[in-house]
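Here are the chains, one letter per residue:
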Amino acid sequence: MIGFVQVHVGARIFALPVQAVKFDRDRSSIPPGGFFSDEAGQYGILVDGDASPSDVQAQIAAASAEAVRYISGRYLN
């Protein structure tokens, strides 16, 4: 676990855990990492454990924006 990112949606604040994982680059052409929601309704962000710090920061920023869009759709509509 790297830490947490707080995203604000309306009057609510969500603390999303950020976890670094190793991705098998041979299995997919999809860029690693991103926002996720599991079947229990928990949210989080995965980043590439082998990426440079600047790439990790970019992955966290993109996943945070995705999280805000997803959570806004669930709670503000």
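Residues numbered from 1 in each chain as written. Predicted model: local features only at pLDDT ≥ 70, side-chain atom pairs only at ≥ 80, totals over all residues. Heavy atoms only, no water.

A. Geometry of the pairing of strand β1 (residues 3-9). Inspection of the sheet shows β1 paired to strand β2 (residues 12-21) by 7 bridges, in the antiparallel sense. What sits directly across from Gly 3, in β2, is Val 18. In textbook terms, the turn of a hairpin is the stretch between consecutive antiparallel strands, and for β1 and β2 this stretch comprises 2 residues, one of which, Gly 10, has a positive phi near 65 degrees. (Pairing = 2+ DSSP bridges. Helix = DSSP H or I, 4+ residues; strand = E, 2+ residues; numbered from the N terminus.)

B. Looking closely at the pattern of salt bridges. A complete count under the given rule lists 1 salt bridge for this structure. A salt bridge links Asp 50 to Lys 22, with the nearest nitrogen and oxygen atoms 2.8 Å apart. In this pair, Asp 50 sits in the loop between β4 (43-48) and α1 (53-75) while Lys 22 sits in the loop between β2 and β3 (34-37), placing the two residues 28 residues apart along the sequence. Residue class for Lys 22 comes out exposed when judged on its relative accessible area of 67%. (Salt bridge = Lys/Arg side-chain N within 4 Å of Asp/Glu carboxyl O. Buried < 20%, exposed > 50% of the residue type's maximum accessible area, 1.4 Å probe, protein only.)

C. A look at the pairing of β2. Judged from the 4 bridges that link them, β2 and β4 form a sheet pairing that is parallel. The residue of β4 that forms the bridge with Val 18 is Ile 45.

D. How the structure looks around the packing of aromatic side chains. Across all of its chains, the model carries 5 aromatic pairs by this definition. An angle of 40 degrees between the planes, with centres 5.5 Å apart, marks the rings of Phe 14 and Tyr 75 as tilted. You can see Phe 14 sitting in strand β2 and its partner Tyr 75 sitting in helix α1, a full 61 residues away along the chain. Since its relative accessible area comes to 37%, Tyr 75 is described here as partly exposed. A connected cluster of aromatic rings, assembled from ring pairs, spans Phe 14, Phe 35, Tyr 43, Tyr 70 and Tyr 75. (Phe/Tyr/Trp six-rings, centres within 6.5 Å; stacked < 30°, edge-to-face > 60°.)

These values are about where atoms sit, not about what they do.
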